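# Summary of structural features
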Amino acid sequence: MTARPKPSVLVGALVLVAVLIAAGVVGVGRFVEPRRLAEARALYERGAYAQAERVLREVLALDRNDPSALEQLADVLGAKGDPKGALALYAKVLASKPRDTSLLLKTASLERLTGDPRTAAEHYQRACEIDPSNARAKDDLARTLLQLGRTDEALGLWDALAKDERLTTVERERYLITGAVTCLDFGRRKEAEAKLREALSLVPGDPQARALLKKAAGS
């Protein structure tokens, strides 16, 4: 028969936990049920941002450094039109999760949206280095570089994506067309023509590529 711990032992253990929590050694948040975060996520996805924010702030009142709650709150603030508040929270989470590509992409997207393409490009670049197979990150980086006037770098990324055989033929053709349109915008007709001919070799008869090729050829 197993002996029960004496009441004094239980009291002592509870006191120890309380002391550790107060000292910040043990976070109260780890005792918070994951259902609260799931509840907040469901509210966010339904567009009930104020309710989602309330739930998340209740979670953070127990553990102000809970990374999942901080990231979700950043998502909510961004959706509510508070990009400055959202970016501050993303930065806090990134400090503890610097290799989280999803977090890097969300941060970069919001930075680009709010008129900070230079910092956005840095975060997109980091995401690409961590996950070289992430085509979306490379495409977003290319668009941001183009916004910064770094046209050749942007075209180089789209050319690389067009040669990536892990992508579908249609995806590769789309990147060639994107590069061709960019070349046409900058008066680089010969480069545009070459990209469009390559696009048509991947997807013969594509009406957009054919129309753009006529434009590039000056006909």
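## Section: the overall build of the protein chain
Counting its secondary structure elements, the protein chain contains 12 helices and zero strands. Mapped in sequence order, the helices and strands of the protein chain form the string α-α-α-α-α-α-α-α-α-α-α-α. Taking all 219 residues of the protein chain together, the buried fraction comes to 40%.

## Remarks on the pattern of salt bridges
One pass over the structure, following the stated rule, counts 20 salt bridges. Where R36 meets E58, a salt bridge forms, and the shortest distance between an N and an O atom there is 2.8 Å. Here the residue R36 occupies a position in helix 2 (residues 34-45), and E58 occupies one in helix 3 (residues 49-62), the gap between them amounting to 22 residues. The class for E58 is partly exposed, based on a relative accessible area of 34%.

## A look at the packing of aromatic side chains
This structure, assessed with the given rule, holds one aromatic pair. Arranged with centres 5.8 Å apart and planes meeting at 50 degrees, the rings of Y44 and Y49 form a pair that is tilted. Owing to a relative accessible area of 28%, Y49 belongs among the partly exposed residues under this scheme.

## Concerning helix 12 (residues 207-217)
Every buried residue belonging to helix 12 is among A209, L212, L213 and A216, and all of these are buried. Looking straight down helix 12, one finds its buried side chains confined to an arc of 105 degrees; they lie on one side. With respect to the buried face of helix 12, the exposed residues turned more than 90 degrees away are P207, R210 and K214. Looking at the packing, one finds that the buried side of helix 12 touches helix 10 (169-185) and helix 11 (189-202).

What counts, and at which threshold
- Residues numbered from 1 in each chain as written.
- Predicted model: local features only at pLDDT ≥ 70, side-chain atom pairs only at ≥ 80, totals over all residues.
- Heavy atoms only, no water.
- Helix = DSSP H or I, 4+ residues; strand = E, 2+ residues; numbered from the N terminus.
- Buried < 20%, exposed > 50% of the residue type's maximum accessible area, 1.4 Å probe, protein only.
- Salt bridge = Lys/Arg side-chain N within 4 Å of Asp/Glu carboxyl O.
- Phe/Tyr/Trp six-rings, centres within 6.5 Å; stacked < 30°, edge-to-face > 60°.
- Arc of directions from axis to C-beta.
- Contact = heavy atoms within 4.5 Å.

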